[in-house]
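Results of the structural survey
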2 protein chains.
Amino acid sequence: MNKHVPQSEFKTPTVTTGSLPASRKVYVAGDIHKDIRVPVREIDLHPSANEPPIPVYDPTGPYTDPAIAIDVENGLARSRTAWVKERGGVEEYEGRDVKPEDNGGAAGKHLARAFPVKNRPLRALPPSPAGGRGVGGEGPSITAGARFDAPSPGSAAPRRPLPQAGEGRGLLTQLDFARAGVITKEMEYVAIRENLGRKKKLLNAEQTVAMGESFGAAIPAFITPEFVREEIAKGRAIIPSNINHAELEPMIIGRNFLVKINANIGNSAVASSIAEEVDKMVWAIRWGADTVMDLSTGRNIHNTREWIIRNSPVPIGTVPIYQALEKVGGIAEDLSWEVYRDTLIEQCEQGVDYFTVHAGVRLPYIHLTANRVTGIVSRGGSIMAKWCLAHHKESFLYTHFEEICEMMRAYDVSFSLGDGLRPGSIADANDRAQFAELETLGELTKIAWGKGVQVMIEGPGHVPMHKIKINMDKQLKECGEAPFYTLGPLTTDIAPGYDHITSGIGAAMIGWFGTAMLCYVTPKEHLGLPDRDDVKTGVITYKLAAHAADLAKGHPAAQLRDDALSRARFEFRWEDQFNLSLDPETARDFHDQTLPKEAHKTAHFCSMCGPKFCSMKITQDVRDYAGGLGDNEKKDLERLSKEGMSEMSAKYREMGSALYLEADAVKKANGAL
Amino acid sequence: MNKHVPQSEFKTPTVTTGSLPASRKVYVAGDIHKDIRVPVREIDLHPSANEPPIPVYDPTGPYTDPAIAIDVENGLARSRTAWVKERGGVEEYEGRDVKPEDNGGAAGKHLARAFPVKNRPLRALPPSPAGGRGVGGEGPSITAGARFDAPSPGSAAPRRPLPQAGEGRGLLTQLDFARAGVITKEMEYVAIRENLGRKKKLLNAEQTVAMGESFGAAIPAFITPEFVREEIAKGRAIIPSNINHAELEPMIIGRNFLVKINANIGNSAVASSIAEEVDKMVWAIRWGADTVMDLSTGRNIHNTREWIIRNSPVPIGTVPIYQALEKVGGIAEDLSWEVYRDTLIEQCEQGVDYFTVHAGVRLPYIHLTANRVTGIVSRGGSIMAKWCLAHHKESFLYTHFEEICEMMRAYDVSFSLGDGLRPGSIADANDRAQFAELETLGELTKIAWGKGVQVMIEGPGHVPMHKIKINMDKQLKECGEAPFYTLGPLTTDIAPGYDHITSGIGAAMIGWFGTAMLCYVTPKEHLGLPDRDDVKTGVITYKLAAHAADLAKGHPAAQLRDDALSRARFEFRWEDQFNLSLDPETARDFHDQTLPKEAHKTAHFCSMCGPKFCSMKITQDVRDYAGGLGDNEKKDLERLSKEGMSEMSAKYREMGSALYLEADAVKKANGAL
């Protein structure tokens, strides 16, 4: 891989490009929408394996396609603008001017360079006089009311013919289209992605599903575009896809799809720069992040975000209250609906795909946190709590929730309803404050659905293992199966420096129980701002947790990669083991620390046991042996297991010492003799 | 901490000594046995916390007691010899001579230096003519038959008065004494350890227990010596404690006690040395390993083990078949009962506390592995499978099992019945081969119990999350609640380099479900031999997994440390956060990477959010606010939550900006301006 360094001024971000080891990016075309090209990463195996390449989910974007020239100064290709425009119902407009406070008043040498290219934003056409709120009279022949109802299982409209140009007037969000029976390009795109390169059902797919325990999730053997549409119409899944994030490669978040992971990046008032953050974003998706949240605070928030979105093929989420707070000088009491509203528009126009909105932190709940061990630990939650206390007023996020919905709908920004009262310690898990907020999030979910806005729900936090399923079940019940998006949860408080692991345990479990996306935790959690290495460690940890959840849920294709890697392990195809792993570089590096010689890459043993003790090798004997057993011999074995042992022939004695490599020859090659 | 370097020749192992940060080792005396001194580590908190020190379990041995001089050439003090002798029933004898094959025939410069001190071993007195097998006629007045029966719940003899000198004739193992109603020094020692410094029941202990989900485990609010005795008598717990491991600080393994962890060390034919292995042992217990297995292969096995045991305060486990195989030149077919028997005696005399014996790998089961993805992955299992195949005979470990029991009983070596057919991949989990062996292990458990030998059962391996509980439940059923001791399990195969995490997930879960001890997995699993850093990472990962399990089971004292750390976090006592964590060095290092200045150790914010956004700080407002609420105001809040918001007074406005530190002042101190 190469560090891509454009020939321009000092502050231009540099990012990592190039294929992953033994990997090719292939593109799969759509059946309904012939022009979509869905990336799949194929990992080639050694010819001796005699196996086809293993297809894996590929969120890495154009950065791993050697055929695409990367220019961070220009951003990625804006293909999705055409998709949005051809559906109609949108207008291009001048957009809001960038104001000094958008960058925290930074000026002179403290002001980071703006992204060089300016795009005019799109938004939904204003509602025509004949239509309902936000719905044009030229829309499809379904009632406005039907679209505004909360989705419920089974209520989705049947699939309709493809929309004609301009038909989309009055329909804007993926939820709108799904309810109207329209399969968008985004929907077919994610259907293809979710099938991991499969063109049709696996022969044994039903069996695989049956082998998992899905706790009510229902992952089909093969994901069709129509299934995607139904899941979105029911509110059980979302495709976060702001119409202004034209660089996006769509992805889906829902319980009946692959478990996804999010990586948080973002500078703070104290540390980090734009260049570092753009690099971290590309680095995070290289290792598997499905979405990225930009949690920047301090100065230059606007410019940082613009560089990130323009270069991001994955959905970008933000917490708009952070920037709103910067605009009022960091004084929570000085926040107002007007400042917040202006910030939403700013970010909608930039192309943020989902907003964390802590609208469930209501004044009446705040005193419920007073006796907690760690009070309120969510930044957004504590800001709103402080505002509510200072004014002794209900949160403006709650009182203005419908207006927020209408603004977000006009750009198809999805809600990530924030868990501002999540527990920050084992002691506070599943308490009344947390669950009161969750109940309110359920209420808000139905309002947002009524407005045609896609919704997911954020969850904790710190939860001991025995309380995780209770939390998941309550979320499903209160929020009508809207996707759950959890931070960890951390299963103990006593391991700072290892909270990617304390939380990876909880993440794997809650992913199994039904969480649709897991927000990563890095080793620096509670201690400092994650650097590049921490981002990678966090992403890989969460990829493995999400994958463990997919396996346990019985996802029909998840185990293919495990099986391929295990076969490579059994056959001592070291290169294939490295290449099939989530982090080929680290796997290879660890192997080489003990047995660095190239010859050992084909050695039929490893340094764990040395050549004489290799159990994998011995197992080959077993296979040969069992393969040679006749029916009578098998019966003898049955008898033996019942009657105890007696002498039999010695005809198996020939399976002897020829199987072993010469230990001394190996040690010599390794310099040990 | 200091690296202790004795003034002697080059090859003397050096080990890490010195207190852990802010920690003191205190000793608690026994009530029944006044002369036992049980170590507890107390972590002192900052005076501003106004909290007593937090007591934590301390497996670190004398290495963290500054009052004890460490001399690796002499080994640790052999206090337990007196305990064993005063119980009687043992004899000192000359012991077996070390033979060249014990060290793999190593000679000259390849022969590692022998441990400088030689001790005469102890063993059970031979059975007197009047008694039953292994039971002297002068034993306590219970029938021999009662002692040889398999333990069953409720069948334990009532507690008896303390044994008189010499009364122990005919009683040797902890299981013997427990059944006879005798509370040994080891039993009282572990009872005190398990209470984590508590002298009596916590006031809220019952409530805490009730809050967990223990799946049938029954951890009492306070552990008494009598409870320990009962659990051992029932076979539900073991104290691995070879009478020749006189350096041992006893510990207990059982479902109704704290979840323990084991660290594997040991050189291989290809890499590592004695000095490294002794250092790794001390290093592993410094970070929390409760037992250590020496899995050395290749040359110098005898001498390596002697250095390790003589310097180990924790139980040492081995897999004797590894050494037996070395003695026959690495040719599995050449193994014999005689060679194995001789190896057992050698290791019994040295003081190994538990033996992994793969006696469940029976000839009739071997063909069951033929269609597996990864066949047989246990080294011991594959060696025995190869022997069985080559001779087409039942395993000599199975056919000689009673003799093995009698030998182990004479030294009180515990069984760790090996899972030689454990799954090595997700695909092979919970298959017929694995469960057939587990059923045989249940049968062998009852035989061992009948001989008075303590038993635990080894478990897998690679198991997806949804199959973990099935495995745990089957173990409890088949093996009569004998303690389960599992390797991980790994919950996916696709993350080599991160298998401490893929397995930490499974370990936390199976620990919660009832596993008594978790065998660690290091980041090098499947790739190479773990070095010192890997050992530490593996130990910390498994400590946090075991602790997460203790929390979920509702252990009455487990959450004290989480709560103390969370309070420190909430109050920005950074030093206390570091000191209370499992790895204070890493926590401090990570913090200092972003905010290195000493002043920031008392700063009321961290680099994650910077000073303006600190949610912990804001929560202080909430607490002040709620504390000031009268009953009427609380009623107002109730009303608000039902009726929506109306204006109220502005009297809370004074809770303002004075709470925040100056962001610029901080950035200046940090060199950012």
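As shown above, the structure is provided for reference.
Quick caveat: nothing in here was measured; it's all calculated off a predicted structure.

What follows is about the overall build of chain A. The helix and strand inventory of chain A stands at 24 helices and 17 strands. Evaluated residue by residue, chain A yields a buried proportion of 68% over its 673 residues. Total accessible area on chain A is roughly 21,400 Å²; 53% of this is exposed by carbon and sulfur atoms.

Here we take up the pattern of salt bridges. Residue and element names in this part refer to chain A. Tallying each qualifying case throughout the model produces 102 salt bridges over all chains. The shortest N-O distance in the salt bridge between Glu186 and Arg80 comes to 2.9 Å. Here the residue Glu186 occupies a position in helix H4 (residues 185-194), and Arg80 occupies one in helix H1 (residues 80-87), the gap between them amounting to 106 residues. Each of the two residues, Glu186 as well as Arg80, counts as buried. Several salt bridges share partner residues, and in doing so they unite Arg96, Lys99, Asp102, Arg305, Lys327, Asp342 and Glu346 into one network.

This paragraph deals with the sheet that holds strand S14 (residues 414-417) of chain B. All names here are of chain B. Around the barrel, eight strands lie side by side as S10-S11-S12-S13-S14-S15-S16-S17; this closed barrel has parallel pairing. The mean inter-strand angle of the sheet, taken between neighbouring strand axes irrespective of direction, is 25°. Sheet analysis places strand S15 (residues 455-459) next to strand S16 (residues 484-487), joined by three bridges and oriented parallel. Among the inter-strand pairings, Glu458 is bridged to a residue of S16, identified as Tyr485. Strands in contact with helix H18 (residues 532-553) are strand S10 (260-265) and strand S17 (517-519); relative to S10, the strand with the most contacts, it is inclined by about 165°.

Looking now at helix H19 (residues 559-570) of chain A. Residues and elements named next belong to chain A. The terminal C-alpha atoms of H19, which comprises twelve residues, lie 16 Å apart, in line with the 16 Å expected from a rise of 1.5 Å per residue. In terms of burial, H19 is a largely internal element, nine of the twelve residues being buried. What H19 keeps buried is the set Arg561, Asp562, Asp563, Ala564, Leu565, Ser566, Ala568, Arg569 and Phe570. Positive phi appears at Phe572, one or two residues downstream of H19, with a value of about 55°.

Here the focus is helix H10 (residues 337-350) of chain B. All names here are of chain B. With 14 residues, H10 extends 20 Å from end C-alpha to end C-alpha; this agrees with the ideal 20 Å at 1.5 Å per step. Counted residue by residue, H10 has ten buried out of 14 residues, so it is predominantly covered. What H10 keeps buried is the set Trp337, Tyr340, Asp342, Thr343, Leu344, Glu346, Gln347, Cys348, Glu349 and Gln350. In this structure, the buried side of H10 is in contact with helix H8 (301-310), strand S12 (316-318), helix H9 (320-327), strand S13 (354-357), helix H13 (396-399) and helix H14 (401-409). Following H10 by one or two positions, Gly351 adopts a phi angle in the positive range, close to 115°.

What follows deals with the nonpolar core. One finds Tyr340(A), Phe415(A), Met465(A), Tyr340(B), Phe415(B) and Met465(B) to be the most contacted residues of the largest nonpolar core, which totals 276 residues. Residues contacting Tyr340(A), with those up to four places away along its chain left out, are Pro320(A), Ile321(A), Ala324(A), Thr356(A), Val357(A), Phe396(A), Leu397(A) and Ile404(A).

Turning our eyes to something else, we now look at the sheet that holds strand S13 (residues 354-357) of chain A. Residues and elements named next belong to chain A. What the eight strands build is a closed barrel, ordered S10-S11-S12-S13-S14-S15-S16-S17; its pairing is parallel. Mean inter-strand twist for the sheet, computed between neighbouring axes without regard to direction, equals 25°. In the packing of helix H15 (residues 432-450) onto the sheet, contacts are made with strand S14 (414-417) and strand S15 (455-459), and the angle to S15 comes to roughly 165°. Of the strands in this sheet, strand S10 (260-265) and strand S17 (517-519) are in contact with helix H18 (residues 532-553), which crosses S10 at around 160°.

With that out of the way, let us pick up the packing of helix H16 (residues 468-478) of chain A against helix H17 (residues 499-513) of chain A. All names here are of chain A. Interaxial distance between H16 and H17 falls to 10 Å at its minimum, and their mutual angle equals 40°. Taken together, the axes of H16 and H17 lie oblique to each other. The hand of the H16/H17 crossing is right-handed. Contact residues: Ile468, Lys469 and Met472 in H16; Gly506, Met509, Ile510 and Phe513 in H17.

Residue and element names in this part refer to chain B. Residue position: Ser395 is located in the loop between helix H12 (379-391) and H13. Residues Ser395 and Trp337, spaced 58 residues apart in sequence, show a C-alpha to C-alpha distance of 9.4 Å. If near-sequence neighbours (up to four positions away) are discounted, Ser395 is found in contact with Val361, Met384, Trp387 and Cys388. Among the polar contacts listed, one links the side chain of Ser395 to the backbone nitrogen of Leu397, at a separation of 3.0 Å.

In this section: the pairing of S15(A). All names here are of chain A. Counted residue by residue, S15 has five buried out of five residues, so it is predominantly covered. Residues Val455, Ile457 and Gly459 line one face of S15 and the alternating positions Met456 and Glu458 line the opposite face, and both faces are buried. Each parallel crossover has a hand, and the one from S14 via H15 to S15 is right-handed. Read from S15 through H16 to strand S16 (residues 484-487), the crossover connection turns out right-handed.

For any pair of aromatic rings, the description rests on two quantities: the centre-to-centre distance and the angle between the ring planes. Residue and element names in this part refer to chain B. If you walk through the whole model with that rule in mind, you get 26 aromatic pairs over all chains. When the ring of Phe227 is compared with that of Phe257, the centres are 5.6 Å apart and the planes differ by 55°; the resulting orientation is tilted. Taken together, the positions of Phe227 in helix H6 (residues 225-233) and Phe257 in the loop between strand S9 (253-254) and S10 put the pair 30 residues apart, joining distant regions of the chain. In terms of burial, Phe227 and Phe257 fall into one category: buried.

Rules behind the numbers
Residues numbered from 1 in each chain as written. Chains lettered and ligands numbered in written order. Predicted model: local features only at pLDDT ≥ 70, side-chain atom pairs only at ≥ 80, totals over all residues. Heavy atoms only, no water. Helix = DSSP H or I, 4+ residues; strand = E, 2+ residues; numbered from the N terminus. Buried < 20%, exposed > 50% of the residue type's maximum accessible area, 1.4 Å probe, protein only. Areas by Shrake-Rupley, 256 points an atom, 1.4 Å probe, with all protein chains shown as cover. Salt bridge = Lys/Arg side-chain N within 4 Å of Asp/Glu carboxyl O. Pairing = 2+ DSSP bridges. Axes fitted to C-alpha atoms, helices over the stretch in contact; angles between N-to-C directions. Contact = heavy atoms within 4.5 Å. Expected span 1.5 Å × (residues − 1). Core = buried A, V, L, I, M, F, W, Y, C linked by side-chain atoms within 4.5 Å. Parallel < 35°, antiparallel > 145°, perpendicular 65-115°, else oblique. Left-handed = near helix turned anticlockwise from the far one by under 90°. Polar contact = N/O pair within 3.5 Å; in protein donor to acceptor, adjacent residues only side chain to side chain. Right-handed = clockwise from strand over helix to strand, strands pointing away. Phe/Tyr/Trp six-rings, centres within 6.5 Å; stacked < 30°, edge-to-face > 60°.

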